[in-house]
Amino acid sequence: MATKQIIAEFLVKEFPQSKCVVESIGECSSIISHPIGFDELRPGGTVSGPVLMTVADVALYAAVLGELGLVALAVTSNLSINFLRKPAATKDIVGHCKLVKVGRTLVMGEVMLYSRGDDRPVAQVMGTYALPAKT
């Protein structure tokens with residue numbers, strides 16, 4: 001299992017363009033946030049779908065890393081999102097990930113996305129990560 005600090009440092013090094021912040025890493029879980037500003041909004045004053053999917057994908061990846069260690073070549077093989085309500089345009093997006101199944105070749109998880117401070121989810125995401133073959 002990798003710690004919050006190790007994962008945060010890894011993500012900064014490997015994905016320096018990302019605005020995602022590792023808030024916590026737990027047993028088969030993670031919490032990731034993303035600040036929301038003008039660049040994250042789409043017409044109509046809502047957070048864009050790609051930002052929501054980014055938070056979910058990073059939350060899944062961080063949970064996988066937390067559970068299995070720094071498996072750099074783990075890759076997203078599926079990501080499905082249900083948009084539930086309009087996110088706040090002035091609050092960070094926070095993703096709460098829980099891994100559902102950790103197998104030898106696939107890891108499945110669910111991410112609930114929220115506007116910070118609001119307990120009503122803005123989106124629900126199911127995702128699968130493929131793990132590299134052991135050599």
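Quick caveat: nothing in here was measured; it's all calculated off a predicted structure. (Residues numbered from 1 in each chain as written. Predicted model: local features only at pLDDT ≥ 70, side-chain atom pairs only at ≥ 80, totals over all residues. Heavy atoms only, no water.)

Some points on the packing of helix α1 (residues 4–14) against helix α2 (residues 49–68)
In contact at an axis separation of 10 Å, α1 and α2 are set at 130 degrees when each is read in the N-to-C sense. Relative to α2, the element α1 is oriented oblique. Handedness of the crossing formed by α1 with α2: right-handed. Contacts between α1 and α2 involve Ile 7, Phe 10 and Leu 11 from the first element and Val 58, Tyr 61, Ala 62, Leu 65 and Gly 66 from the second. Counted by class, the contact of α1 with α2 contains 7 nonpolar, 1 polar and no charged residues. (Axes fitted to C-alpha atoms, helices over the stretch in contact; angles between N-to-C directions. Helix = DSSP H or I, 4+ residues; strand = E, 2+ residues; numbered from the N terminus. Parallel < 35°, antiparallel > 145°, perpendicular 65-115°, else oblique. Left-handed = near helix turned anticlockwise from the far one by under 90°. Contact = heavy atoms within 4.5 Å. Nonpolar A, V, L, I, M, F, W, Y, C, P; charged D, E, K, R; others polar.)

Some points on the packing of aromatic side chains
In this structure the tally under the stated criterion is 3 aromatic pairs. Measuring from centroid to centroid gives 6.4 Å for Phe 10 and Tyr 61, while their planes differ by 50 degrees, and the two rings are tilted. Here Phe 10 is found in helix α1, whereas its partner Tyr 61 is found in helix α2, with 51 residues between them in sequence. The class of Tyr 61 is buried, set by a relative accessible area of 7%. (Phe/Tyr/Trp six-rings, centres within 6.5 Å; stacked < 30°, edge-to-face > 60°. Buried < 20%, exposed > 50% of the residue type's maximum accessible area, 1.4 Å probe, protein only.)

Topic: the pattern of salt bridges
In this structure the tally under the stated criterion is 5 salt bridges. Here Lys 13 makes a salt bridge to Glu 14, at a shortest N to O gap of 3.9 Å. On the basis of relative accessibility, which here comes to 64%, the residue Lys 13 falls in the exposed class. Across the pair Arg 116 and Asp 92 runs a salt bridge whose closest N-O atoms are separated by 3.5 Å. (Salt bridge = Lys/Arg side-chain N within 4 Å of Asp/Glu carboxyl O.)

A look at α2
Over its 20 residues, α2 runs 28 Å from end to end, which matches the ideal 28 Å to within 8%, given 1.5 Å per residue. Two residues or fewer after α2 comes Gly 69, characterised by a positive phi angle close to 95 degrees. (Expected span 1.5 Å × (residues − 1).)

Just distances and angles here, no functional claims.
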